[in-house]
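Chain residues, written in single-letter form:
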Amino acid sequence: MRHQTTAVDRPPAVAYMDAATVACNAPSILNTQPWRWRVRPDGLDLVADRSRQLVAGDPQGRQMVLSCGAALHHARIELAADGWATQVTRLPAANDPDLLATLMVNGRAPVTMEALRLAYATRIRHTDRRPVSERPIPDVALQAIAAAARAEGNLHVLTSENVADLGSAACRAAAVEAGDAQIAAELTYWTGRARLSGTGLPAGVLPDHPTQTTVPSRDFGRPGTLPVGAGHDWAAVYALLFGDGDDPRDWLRAGEALSAAWLTATTIGMSVVPLSGVVEVAGTWHTLRRLLANLGHPYLALRLGIADPEQHGRPPRTPRLPLAQVVDTSAMPAPHPLTARGPK
Ligand SMILES: Cc1cc2nc3c(=O)[nH]c(=O)nc-3n(C[C@H](O)[C@H](O)[C@H](O)COP(=O)(O)O)c2cc1C
């Protein structure tokens, strides 16, 4: 009789590899995937890969670390869905700021339906930049997304008056970014043909003309090929991820909150689109700080809405780097066959 390996008798090293693999499905700024996972027999290290940091558009690395935080949460979810209790140490080495976190399993834990749902969501979550449905978001859905974000960080849902301010701030941020030759060159690189294979934004995920939105979406500097209807996202809700400080630990936690909110949204058919330009332009960062009424520091604006069933199908998937480029198994007993596997 064929022996089937169950989660219970799988060694942690296999779980680490699975977690790193799934983490690579996480969203990232301009799909730069600015992470590197080191799989060790007794743990998993998350390292920021500065070779894919947006030097002009994200000089502090805030969006880079947020993206890594989202990947960290994806890894945590995969381990939870596999029945592992985990221990995370964030920024464990003062002399190595690029080592963002270490993850270790710490015994078995019951698998919850919630963990399974979120793990499934890591496989299907995507960014859909088309207008959302005109149906208002049910309160219960908004509360579920906010609760998921707040379990990891802070989310402030904006009033309609605040949304108008966010809209004008996003316009100003777009104008500043369009007038900055280095930021424009970065956008051209990550959306153009010369971009590193397996990264960036293919034309198929970018709207074929500017969408009608209350808060302008990021101007990628070129139209894509994703057909967009005439809808206006009147029913969208806007929110800000924020926190007490503005350093890498805060950004990492905000990325985990982003992932938690987005995966929960995915399980209930809701769409999430991050808006980062407005945070990275100094003048508009101050507008967001004011919108938060000094609750804290803004990290990312989010558009939430019901994914519009009138829009035909989901946009194509954004590519991902080959696992061998982002998952380092050199610390594992050689030869390690797991890197040969495809995405989960
Ligand atoms: C920190 C962060 C900032 C982002 N900022 C924007 C943005 O300003 N505009 C946008 O359309 N998408 C934004 N995104 C979405 C990414 O472009 C998207 O996650 C990436 O292209 C991968 O595609 P996927 O989400 O479909 O897997 C952001 C994502 C992250 C994690």
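This is a predicted model, so every value here is computed, not measured.

### Brief notes about the domain arrangement of the protein chain
Piece 1. Entries for the protein chain in the domain assignment read domain 1 (7-125 + 319-340) and domain 2 (139-306).
Piece 2. Measuring from the centre of the C-alpha atoms in domain 1 to the corresponding centre in domain 2 gives 23 Å.
Piece 3. At the interface, 39 residues of domain 1 touch 38 residues of domain 2.
Piece 4. Of the roughly 3300 Å² buried where domain 1 meets domain 2, counting both sides, 68% is carbon and sulfur surface.
Piece 5. The largest per-residue losses of area from domain 1 upon contact with domain 2 belong to L30, R62 and L66, which jointly make up 22% of the total buried on that side.
Piece 6. Here E256 ties to R76 by a salt bridge, and the two come within 2.6 Å at their closest N and O atoms.

### Some thoughts on the pairing of strand β2 (residues 43-48)
The side chains of a regular strand alternate between the sheet's two faces.
Piece 1. The buried fraction of β2 is high, at 6 of 6 residues.
Piece 2. Of the two faces of β2, the one carrying G43, D45 and V47 and the one carrying L44, L46 and A48 are both buried.
Piece 3. Across 6 bridges, strand β1 (residues 35-40) lies against β2 in antiparallel orientation. Within β2, the position partnered with V39 by the bridge is L44.

### Thoughts on the environment of A147
Piece 1. Assignment of secondary structure puts A147 in helix α4 (residues 139-152).
Piece 2. Put simply, A147 and T264 are 117 residues apart on the chain and 9.4 Å apart in space, counted from C-alpha to C-alpha.

### So, empty space enclosed by the protein
Piece 1. Taken as a whole, this structure holds 1 cavity of 30 Å³ or more when the rule is applied.
Piece 2. Forming the boundary of the largest cavity are 14 residues, of which I29, L54, G57, E177 and R218 lie nearest the centre.
Piece 3. Mapped onto the lining of the largest cavity, the elements with two or more residues apiece are α6 (181-191) and α8 (277-280).
Piece 4. The leading source of residues in the lining of the largest cavity is α6, at 3 residues.
Piece 5. Broken down by class, the residue content of the lining of the largest cavity amounts to 5 nonpolar, 4 polar and 5 charged.

### Description of the site of the ligand
Piece 1. Around the ligand sit 23 residues in total, of which R125, T127, R129, S276 and R320 are the nearest.
Piece 2. Measuring from a nitrogen atom of the ligand, one finds a side-chain N or O atom of S276 at 2.8 Å.
Piece 3. Against a free-state accessible area of 620 Å², the protein chains account for coverage of 97% of the ligand.
Piece 4. More than half of the atoms belonging to the ligand lie within 2 Å of the grid points that define the largest pocket.
Piece 5. Those elements that provide at least two residues to the shell around the ligand are α2 (62-81) and β7 (270-275).
Piece 6. Of the residues assigned to the shell around the ligand, the class counts are 11 nonpolar, 8 polar and 4 charged.
Piece 7. A domain split of the shell around the ligand shows at least three residues from each of domain 1 (7-125 + 319-340) and domain 2 (139-306).

### Digging into the packing of α4 against helix α7 (residues 248-267)
Piece 1. It is the contact of α4 with α7, at a shortest axis distance of 8 Å, that shows an interaxial angle of 155°. Of the possible angle classes, the one that applies to α4 and α7 is roughly antiparallel. Crossing hand, α4 versus α7: right-handed. Contacts from A144, I145, A148, A149, A151 and E152 in α4 reach R253, E256, A257, A260, A261, T264 and A265 in α7.
Piece 2. Within the contact of α4 with α7, the residues separate by chemical class into 9 nonpolar, 1 polar and 3 charged.

### Section: the environment of L292
Piece 1. Examined against the element boundaries, L292 turns out to sit in the loop between α9 (282-291) and β8 (297-306).
Piece 2. With a relative accessible area of 0%, L292 lands in the buried category.
Piece 3. Placed 135 residues apart in sequence, L292 and V157 show a C-alpha to C-alpha distance of 9.6 Å.
Piece 4. Apart from the residues within four sequence positions on either side, L292 is in contact with H156, L240, F242, H297 and P298.

Calculation criteria
- Residues numbered from 1 in each chain as written.
- Predicted model: local features only at pLDDT ≥ 70, side-chain atom pairs only at ≥ 80, totals over all residues.
- Heavy atoms only, no water.
- Domains from an automatic or database assignment.
- Contact = heavy atoms within 4.5 Å.
- Buried area = accessible area lost by both parts, 1.4 Å probe.
- Salt bridge = Lys/Arg side-chain N within 4 Å of Asp/Glu carboxyl O.
- Buried < 20%, exposed > 50% of the residue type's maximum accessible area, 1.4 Å probe, protein only.
- Helix = DSSP H or I, 4+ residues; strand = E, 2+ residues; numbered from the N terminus.
- Pairing = 2+ DSSP bridges.
- 1 Å grid on protein atoms, 1.4 Å probe; cavity = no way out; pocket = protein on both sides within 12 Å on 5 of 7 lines; lining within 4 Å.
- Points joined across faces, edges and corners; volume = space filled by probe spheres on them.
- Nonpolar A, V, L, I, M, F, W, Y, C, P; charged D, E, K, R; others polar.
- Near = heavy atom within 4 Å.
- Polar contact = N/O pair within 3.5 Å; in protein donor to acceptor, adjacent residues only side chain to side chain.
- Areas by Shrake-Rupley, 256 points an atom, 1.4 Å probe, with all protein chains shown as cover.
- Sits in = over half its atoms within 2 Å of the grid points.
- Axes fitted to C-alpha atoms, helices over the stretch in contact; angles between N-to-C directions.
- Parallel < 35°, antiparallel > 145°, perpendicular 65-115°, else oblique.
- Left-handed = near helix turned anticlockwise from the far one by under 90°.

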